[in-house]
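# Notes for the structure review
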Amino acid sequence: MAQAHGRGGRYGKGLAALGAAAALAAGAAGTATAEGAETAPATPAGSARYVALGDSYTSGPGIPQQTGGDCARSSVNYPALTAQALQLSSFKDVSCSGATTDDMWRAQGDNPPQLDALGRNTRLVTLGIGGNDIGFGDIIGTCAQLSASDPAGAPCRTKYTEGGTDQLTARIAGAAPKVAKVLQDVHKRAPLARVVLVGYPAIMPEDGTGCFPSVPIAAGDVPYLRDTEKRLNTMLQVEARKAGVRFADTYKTTVGHDVCKPAADRWIEGAQPENPAAPFHPNARGEAAMATSVTTAARR
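Report on the accompanying structure. (Residues numbered from 1 in each chain as written. Predicted model: local features only at pLDDT ≥ 70, side-chain atom pairs only at ≥ 80, totals over all residues. Heavy atoms only, no water.)

### Observations concerning the side chain of threonine 101
Relative to the assigned elements, threonine 101 resides in the loop between strand S4 (91-93) and strand S5 (124-128). Threonine 101 sits in the buried class, given a relative accessible area of 1%. Engagement of the side chain of threonine 101 in a polar contact is seen with the side chain of aspartate 133, the distance being 2.7 Å. (Helix = DSSP H or I, 4+ residues; strand = E, 2+ residues; numbered from the N terminus. Buried < 20%, exposed > 50% of the residue type's maximum accessible area, 1.4 Å probe, protein only. Polar contact = N/O pair within 3.5 Å; in protein donor to acceptor, adjacent residues only side chain to side chain.)

Structural data, given as structure tokens:
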């Protein structure tokens, strides 16, 4: 989800403060191609059998090997692993860090509009989008900054529910028609494709217990952010059902491997990653778990 500075996108101020740009820079070395697949520059638009669309939870920033320039794609992100598992003859990953639903129709620097990669030859499309539409990076950054003022309380929840309305719930509702519009255009451009809308993995601990200060989120904000992500995933699942596409639930498969787990058991990195990844993003094990869910959904 996170947004990066540069031609390919924009990092939210909060995540930048947490060192996300450094994580991207550290991992953005080398170019690798999934076995039996083609990266975005090598495949003419509309010719790939499998096209992956999405934001940084799809692209895998900071996870070696990196390609895609500012889009920060990993050679072991879930699209690459899904292509391998399904033994697909051709594959094009146009996911890009910082992408919103608007970036399905507009270029992000050198990355063309993502929907332009689709065509009548496309038989599988995976789409991971929505987090940046609700402002994921700024939300995490804001909550992290507020946590120092009241680590035992819920200063972030207080901020976003001021006046009696939950602003993040409203943002999720506002993103729903945008996701629906993307799915409609996917069907239009790739009418023969099987489509999988991909949810987001478990970032915060499922039991609602945080780990301040190693992950700078106040105690009461951990369950608040957990529930906000669940509402986002529920919205995505509903939109998938309305559009007649499949939904890959990556949340259930990643519970117990959140930002507060020890490095060896963690699939989602925290504010200071101990495994190669961007802050508050999946590491290689997280992308592999997501690939399992996506592959299962694609085969149904």
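### So, the environment of glycine 137
Relative to the helices and strands, glycine 137 resides in helix H5 (residues 136-147). The class of glycine 137 is buried, set by a relative accessible area of 4%. Separated by 142 residues in sequence, glycine 137 and proline 279 have C-alpha atoms that sit 9.9 Å apart.

### Comments concerning the pattern of salt bridges
Applying the stated criterion to the full structure yields 10 salt bridges. A salt bridge links lysine 230 to glutamate 206, with the nearest nitrogen and oxygen atoms 2.7 Å apart. With lysine 230 in helix H8 (residues 221-243) and glutamate 206 in the loop between strand S6 (194-198) and H8, the pair connects residues that are 24 residues apart, well separated along the chain. Since its relative accessible area comes to 30%, lysine 230 is described here as partly exposed. (Salt bridge = Lys/Arg side-chain N within 4 Å of Asp/Glu carboxyl O.)

### So, the state of the cysteines
Tallied over the full model, the rule gives 3 disulfides. Between the sulfur atoms of cysteine 211 and its disulfide partner cysteine 260 the distance amounts to 2.1 Å. The chirality of the disulfide connecting cysteine 211 with cysteine 260 is left-handed, given an S-S dihedral of about -80°. Of this pair, cysteine 211 sits in the loop between S6 and H8 while cysteine 260 sits in the loop between strand S7 (246-248) and helix H9 (284-299), placing them 49 residues apart in sequence. In this structure cysteine 260 comes out as partly exposed when scored by relative accessible area, which is 23%. (Disulfide = S-S within 2.5 Å.)

### Quick word on helix H4 (residues 78-86)
Spacing of three or four residues puts side chains on the same side of an α-helix, whose turn is 3.6 residues. Every buried residue of H4 is accounted for by Tyr78, Pro79, Ala80, Thr82 and Ala83. Packing partners of the buried residues in H4 comprise strand S1 (50-54), helix H3 (56-59), S4, S5, S6 and H9. N-capping of H4 is provided by asparagine 77, with a side-chain oxygen placed 3.0 Å from the backbone N of alanine 80. (Contact = heavy atoms within 4.5 Å.)

### Structural notes on the nonpolar core
Considering soluble globular proteins, one finds that nonpolar side chains tend to be buried as a cluster. Ranked by size, the top nonpolar core spans 51 residues in total, and within it Leu53, Met204 and Phe280 carry the most contacts. Counting residues per element, the ones that place at least two in this core are S1, S5, H5, helix H6 (155-160), helix H7 (167-189), S6 and H8. Among the elements that line this core, the one with the most residues is H7, at 8 residues. Contact partners of leucine 53, with chain neighbours within four places excluded, come to Thr58, Val94, Ser95, Met104, Gln114, Leu115, Leu118, Val125, Thr126, Leu127, Gly128 and Val186. Counting 15 residues, the second-largest nonpolar core is a separate cluster that includes Tyr50, Val196, Met290 and Ala297. (Core = buried A, V, L, I, M, F, W, Y, C linked by side-chain atoms within 4.5 Å.)

### Describing the side chain of threonine 228
In this fold, threonine 228 is placed in helix H8. For threonine 228, the residues in contact, after removing those within four places along its chain, are Leu168 and Ile172.

### What about the packing of aromatic side chains?
Scanning the model with the defined rule gives 3 aromatic pairs in all. Measuring from centroid to centroid gives 5.0 Å for tyrosine 50 and phenylalanine 91, while their planes differ by 20°, and the two rings are stacked. Of this pair, tyrosine 50 sits in strand S1 while phenylalanine 91 sits in strand S4; the two residues are 41 residues apart in sequence, bridging distant segments of the chain. Comparing tyrosine 50 with phenylalanine 91, the two get one shared label, buried. Measuring from centroid to centroid gives 5.4 Å for tyrosine 57 and tyrosine 200, while their planes differ by 80°, and the two rings are edge-to-face. Note that tyrosine 57 is positioned in helix H3 and tyrosine 200 in the loop between S6 and H8, a separation of 143 residues in sequence. (Phe/Tyr/Trp six-rings, centres within 6.5 Å; stacked < 30°, edge-to-face > 60°.)

### Considering the pairing of S1
In terms of burial, S1 is largely enclosed, as 5 of its 5 residues are buried. Side-chain alternation along S1 places Tyr50, Ala52 and Gly54 on one buried face and Val51 and Leu53 on a second face that is also buried. In this sheet, S4 lies alongside S1 in parallel orientation, the contact comprising 3 bridges. If you follow alanine 52 over to S4, its bridge partner there is aspartate 93. As judged from the 5 bridges shared by S1 and S5, these two strands associate in the parallel manner. Within the sheet, the bridge partner assigned to alanine 52 lies in S5 and is threonine 126. (Pairing = 2+ DSSP bridges.)

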